[in-house]
Amino acid sequence: SYISPSVSDEYKILDKTACRNILGNHVPAGCKLVGTVMRNQKRKRFPDLFEAIRDSPNVYLHCHTAYPDKGWNIPSLILANGIQDRVFLTYMCPKCGHVCAKKYSTRFPICVKCSSSMKTPDAQNGISQSEMAKIYGSLDLYIQPVNSEGFGIPLIESAKCGIRCTTTDYSAQVDVLRKVDGIPMKPLSLDLELETGCYRAVVDKKLLVDVLKDPESYNYKKEDIRAKFDENYSWDKTSKKWVDLI
């Protein structure tokens, strides 16, 4: 079997209300907050995700991603689906370190702490793991619609924070999501990709909406999800596999 990674102890179960208050409480009573932590690149299916949010009126979305980057035009996709009041992005201040969730309005909003320009975190300049834990802690469900994954670290980061996940039931996620009691989303089909010669999953958008609207998707105990993580992932397990292999 493959040697899987684990994640830092900074990821832990946190109080949802406290996390939302820190990030900016944008979710009305009776609504759900789902979130995704995905690099803004082609194989991350932001178009399908935004369409699903459009068709799930009582669901809000937190996107931890970068714009601009090498992938999708995030603001255009949000606007095209008419969900600009229900999608929030992570913003960070490079000067004072303040982190918050805001609607997209400009590439460089002003930091309320020090009046410097903020930006979305990217692969070179991210936020701390303790701040990431607050993002996971604010969610009702973690969602990752992709056409493939090498592993999908956010699936186990969210699980260590006690947050249930749902993701495309293809490639690496087939194994990971079942180990953390995630919700598998069967692909609509597999499509051969010209650039790589690999088969990629086609996200079933109707199924994605069904998962978002289903009350059972949110019916879990954080402690149970965390227990699934502890059962399957740790640095001790990872290091033992390396020692055995070497």
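The structure displayed is predicted, hence computed values, not measured ones.

## Digging into the sheet that holds strand β1 (residues 32-37)
Strand order in this open sheet of seven strands is β4-β3-β2-β1-β5-β6-β7, and the pairing throughout is mixed. Where the open sheet ends on each side, the last strands, each with one partner, are β4 (99-102) and β7 (183-185). When strand polarity is set aside, the average angle formed by the axes of neighbouring strands in this sheet is 25°. Sheet topology places β1 next to strand β5 (residues 141-144); two bridges connect them, and they run parallel. For G35, the partnering residue across the bridge sits in β5 and is Y142. The strands that helix α2 (residues 46-54) touches are β1, β2 (59-64), β3 (87-92) and β5; relative to β2, the one it contacts most, it runs at about 155°. Against the sheet, helix α4 (residues 129-137) touches β1, β2, β3, β4 and β5, its axis set at about 165° to β2.

## Remarks on the nonpolar core
Among soluble globular proteins, nonpolar side chains are generally buried collectively. Within the largest apolar cluster, 65 residues are counted, with the highest numbers of intra-cluster contacts made by V34, F50 and Y142. Other than its neighbours up to four places away in sequence, F50 contacts L61, C63, I74, L77, I78, N81, I83 and V87.

## Here's the deal with the pattern of salt bridges
Oppositely charged side chains may form a pair once their charged atoms are brought near each other. Under the counting rule described, the total for this entry stands at 20 salt bridges. The shortest N-O distance in the salt bridge between D175 and K179 comes to 3.3 Å. Of this pair, D175 and K179 both sit in helix α6 (residues 173-179), four residues apart, roughly one helical turn. A relative accessible area of 26% means that K179 is categorised as partly exposed. Among the charged side chains, a network of salt bridges with common partners joins K42, E193, E195 and R200.

## Observations concerning the pairing of strand β9 (residues 199-202)
Pairing geometry for strand β8 (residues 189-192) and β9, over four bridges, is antiparallel. Bridging across to β9, L192 finds its partner in Y199. Counted between consecutive antiparallel strands, the loop separating β8 from β9 contains six residues, among which G197 sits at a positive phi close to 75°.

## Points about the packing of aromatic side chains
All told, the structure shown has seven aromatic pairs when counted by the stated rule. A ring pair is formed by Y60 and F88, whose centres lie 6.4 Å apart and whose planes are at 10°; its orientation type is stacked. Here F88 lies in strand β3 and Y60 lies in strand β2, a separation of 28 residues in the sequence. Relative accessible area serves as the criterion here: at 12%, Y60 is assigned to the buried category. Owing to a relative accessible area of 4%, F88 belongs among the buried residues under this scheme. Geometrically, the ring pair formed by F151 and Y233 is edge-to-face, given 6.3 Å between the ring centres and 85° between the ring planes. On the criterion of sequence distance, the pair formed by F151 in the loop between β5 and α5 (153-160) and Y233 in the loop between α8 (222-232) and α9 (235-245) is long-range, its members being 82 residues apart.

## Quick word on unusual backbone geometry
The omega angle of the peptide bond from Y67 to P68 is 0°, so this bond is cis rather than trans. Turning to its location among the elements, P68 is positioned in the loop between β2 and α3 (74-80). A positive phi is found at S115, a non-glycine position, where the angle reads about 65°. One can find S115 in the loop between β4 and α4. Classification of S115 as exposed rests on a relative accessible area of 57%. For D181, which is not glycine, the phi dihedral falls at a positive 60°. On the secondary structure map, D181 appears in the loop between α6 and β7. Take D181: its relative accessible area is 35%, and that puts it in the partly exposed class.

Reading the values: the criteria
Residues numbered from 1 in each chain as written. Predicted model: local features only at pLDDT ≥ 70, side-chain atom pairs only at ≥ 80, totals over all residues. Heavy atoms only, no water. Pairing = 2+ DSSP bridges. Helix = DSSP H or I, 4+ residues; strand = E, 2+ residues; numbered from the N terminus. Axes fitted to C-alpha atoms, helices over the stretch in contact; angles between N-to-C directions. Contact = heavy atoms within 4.5 Å. Core = buried A, V, L, I, M, F, W, Y, C linked by side-chain atoms within 4.5 Å. Buried < 20%, exposed > 50% of the residue type's maximum accessible area, 1.4 Å probe, protein only. Salt bridge = Lys/Arg side-chain N within 4 Å of Asp/Glu carboxyl O. Phe/Tyr/Trp six-rings, centres within 6.5 Å; stacked < 30°, edge-to-face > 60°.

Scope: geometric values only; no functional claims are made or implied.
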